[in-house]
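Letter by letter, the chains look like this.
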Amino acid sequence: MWCSIRVLTKFSGIDGSGTINKTRGLGMNAAKKVLLLSDNPGGDYASRVRLGLERTCKLAGLGVEAINVYGSGTKSVDVLRASDHAGIALTPPLSDDRPLLSIAEARGVPIVRIAALLDPDRDNIVGMDEFAAASALVGVLTERGHRRIAILCGPQAHLVSLRRYNGYANALAAKGLRVDQALVGRGDFTRESGKREAPALFAAKPTAIFASNDEMAAGVIDAAKAVGIAIPGDISLVGYDDNAVATQVRPQLTTVRQPCEAMGEAAGRLLADQVGRRGVQSRQVSVPFDIVERQSVGDLKE
């Protein structure tokens, strides 16, 4: 497999080694590689995108170098300024970072923004409908009778957090409900933040919680076990992403399956088609999501 991976943080999860500044690969010239740049605590997300990107890039004779700068002290702008790759793919929140995009665009190579929400006519964009996915997921809870539904939002720097919140609010509105701010918490997409913020949500007496990613949902489960709250017996819980942790926790999570590999594949096709070509019109690709129902949701108890 033609892939060079630099793990700049033990949280990147790209190769699971936890090694700082480790490089491996076949030494392919950077002009024949594309760069996948991330700043994301969810290493599983970046890893799944990478797998899809590699699959399609390999068919075009392109390698992939994946760099996740989260927690490393390395700045994304420095990575881009040093880059001489043939193309660039950016995951959120970098895909909506306008100053960073200007630096990337100055390189004059094709760019794919993954799950971007700002400036839809800027560069290539591959993503899914975050609003519809969150609304459908919360709809699973309302269809089981739940009305007092809390949300644990992600960090404000990730615009997908706002889209998921809006989808949550839309699902409540469909049942004639308004958002109760006592039922709104905010984490940072890590398991630790889910565990930290869960007690405040528990105190607000929800019958269900929507955690905006699976890692935070796992943290909610940790916090619930610590105080004797049964999931889903006392509180139902849903996550988002369908990362590996969704099936590692007990109960296994009902969640949105983000099509990360499919988004990576679509990004790879766009880059392969545009590498070495000038004046190619940018495109947008929408990839469908799935709702995966497991054991973390129960009917509302009267």
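Computed from a predicted structure; not experimentally measured.

Caption draft 1: Looking closely at empty space enclosed by the protein. Summed over all chains, the structure comprises two cavities of 30 Å³ or more. In this structure, the largest cavity encloses a volume near 140 Å³. Partitioning the lining of the largest cavity into residue classes produces five nonpolar, six polar and three charged.

Caption draft 2: Representation of the side chain of Asn68. Its location among the elements puts Asn68 in strand β4 (residues 63-68). Judged by relative accessible area, Asn68 falls into the buried class, the value being 0%. Here Asn40 takes part through its backbone oxygen, which lies 2.9 Å from a polar atom of the side chain of Asn68. At 3.2 Å, the side chain of Asn68 forms a polar contact with the backbone nitrogen of Tyr70.

Caption draft 3: Main features of the confidence of the model for the chain. Overall, the predicted model of the chain reaches an average pLDDT of 90, with 90% of residues at or above 70. Under a pLDDT of 50 for its full length, residues 1-28 has, in the predicted model, 71 contacts with residues more than four places off or in other chains.

Caption draft 4: Region of the structure containing helix α1 (residues 43-59). Here α1 contains 17 residues, and its C-alpha end-to-end distance of 25 Å stays within 8% of the 24 Å for a straight helix at 1.5 Å per residue. Burial analysis of α1 places twelve of its 17 residues in the buried class, which makes it a mostly covered element. Of all the positions in α1, only Gly43, Tyr45, Ala46, Ser47, Arg48, Val49, Arg50, Gly52, Leu53, Glu54, Thr56 and Cys57 are classed as buried. Positive phi appears at Gly61, one or two residues downstream of α1, with a value of about 80°.

Caption draft 5: Highlighting the pairing of strand β6 (residues 111-114). The side-chain alternation of β6 yields two buried faces, one formed by Ile111 and Arg113 and the other by Val112 and Ile114. Two strands pair when backbone bridges link them, and strand β5 (residues 87-90) and β6 are joined in this way by three bridges, in the parallel orientation. Along β6, the bridge assignment pairs Ala89 with Val112. With helix α3 (residues 98-105) bridging β5 and its parallel neighbour β6, the resulting β-α-β unit is right-handed.

Caption draft 6: Inspection of the packing of helix α4 (residues 130-143) against helix α5 (residues 159-173) at higher detail. Across the interface, α4 lies against α5 with an axial gap of 7 Å and an inter-helix angle of 40°. Considering their axes alone, α4 and α5 lie oblique with respect to each other. The crossing of α4 and α5 is right-handed. Facing Glu130, Phe131, Ala134, Ser135, Val138, Gly139 and Thr142 of α4, the residues of α5 in contact are Val160, Arg163, Arg164, Asn166, Gly167, Tyr168, Asn170 and Ala171. Of the residues belonging to the contact of α4 with α5, the class tally is six nonpolar, six polar and three charged.

Caption draft 7: A look at the packing of aromatic side chains. Scanning the entire structure with this criterion turns up two aromatic pairs. For the pair Tyr165 and Tyr168, a centre-to-centre distance of 6.0 Å together with 45° between the ring planes defines the contact as tilted. Of this pair, Tyr165 and Tyr168 are both found in helix α5, three residues apart, which corresponds to roughly one turn of the helix. Overall, Tyr168 belongs to the buried group, its relative accessible area being 0%. Judged by centre distance (6.4 Å) and plane angle (40°), the ring pair of Phe210 and Tyr240 falls under tilted. In this pair, Phe210 sits in strand β10 (residues 208-211) while Tyr240 sits in the loop between β11 (236-238) and α8 (245-248), placing the two residues 30 residues apart along the sequence. The pair Phe210 / Tyr240 is uniform in exposure class, with both members buried.

Caption draft 8: Fine view of the pattern of salt bridges. This model, assessed by the stated rule, comprises 18 salt bridges. Of the charged contacts, one joins Arg163 and Asp129 as a salt bridge, the two residues approaching to 4.0 Å between their closest N and O atoms. Pair noted here: Arg163 is in helix α5 and Asp129 is in the loop between β7 (124-127) and α4, with a separation of 34 residues, a long-range link. Given the relative accessible area of 31%, Arg163 is considered partly exposed. Note on Asp129: relative accessible area 36%, which makes it partly exposed. Of the charged contacts, one joins Glu130 and Arg164 as a salt bridge, the two residues approaching to 2.9 Å between their closest N and O atoms. Within this pair, whereas Glu130 is found in helix α4, its partner Arg164 is found in helix α5, the two being separated by 34 residues in sequence. Like Glu130, the residue Arg164 is buried in the burial classification. Several salt bridges share partner residues, and in doing so they unite Arg98, Glu105, Asp119 and Arg122 into one network.

The rules behind each value
Numbering of residues starts from 1 in each chain and follows the order in which that chain's sequence is written. Two thresholds apply to this predicted model, a pLDDT of at least 70 for residue-level local features and 80 or more for giving and counting side-chain atom pairs, whereas whole-chain, interface and lining totals are computed over all residues. Heavy atoms from the whole structure form the basis of all side-chain values; hydrogens and water molecules are not counted. Here a cavity means grid points, on a 1 Å grid over the protein atoms only, where a 1.4 Å probe fits yet cannot get out; a pocket means an open set of points with protein on both sides within 12 Å along at least five of seven lines; lining residues are those with an atom within 4 Å of a point. Grid points are joined across faces, edges and corners, and a volume is the space filled by probe spheres set on the points. Each residue receives one of three labels: charged for Asp, Glu, Lys and Arg, nonpolar for Ala, Val, Leu, Ile, Met, Phe, Trp, Tyr, Cys and Pro, and polar for the others, Gly being one of them. Under the scheme used here, helices are H or I runs from DSSP no shorter than 4 residues and strands are E runs no shorter than 2 residues, and both carry numbers assigned from the N terminus. Burial status follows relative accessibility: with a 1.4 Å probe on protein chains alone, a residue under 20% of its type maximum counts as buried, one over 50% as exposed, and anything between as partly exposed. Two N or O atoms form a polar contact when they lie within 3.5 Å of each other; inside protein one atom must be a possible hydrogen donor and the other a possible acceptor, and for residues adjacent in sequence the pair counts only when both atoms belong to side chains. pLDDT expresses how confident the predictor is about each individual residue, on a scale running from 0 to 100. It only takes one pair of heavy atoms within 4.5 Å for two residues to be counted as in contact. Here, expected helix span is obtained from the residue count minus one, scaled by 1.5 Å. Here, a strand pair is defined by DSSP locating no fewer than two bridges between the strands. Look down the strands so they point away from you; if the path from the first strand over the helix to the second goes clockwise, the crossover is right-handed. Fitted lines through C-alpha atoms give the axes, limited to the stretch in contact for helices. The angle between two N-to-C directions lies from 0 to 180 degrees. Should an angle lie under 35 degrees it is considered roughly parallel, over 145 roughly antiparallel, and from 65 to 115 roughly perpendicular; all remaining angles are considered oblique. Each helix crossing is assigned a hand: it is left-handed if the near helix lies turned anticlockwise from the far helix by less than a right angle, otherwise right-handed if that turn is clockwise. Paired rings are identified among Phe, Tyr and Trp, the last through its six-membered ring, by centres lying within 6.5 Å, and are further divided according to the angle between planes into stacked (under 30 degrees), edge-to-face (over 60) and tilted (the rest). Here a salt bridge means any side-chain nitrogen of Lys or Arg lying within 4 Å of a carboxyl oxygen belonging to Asp or Glu.

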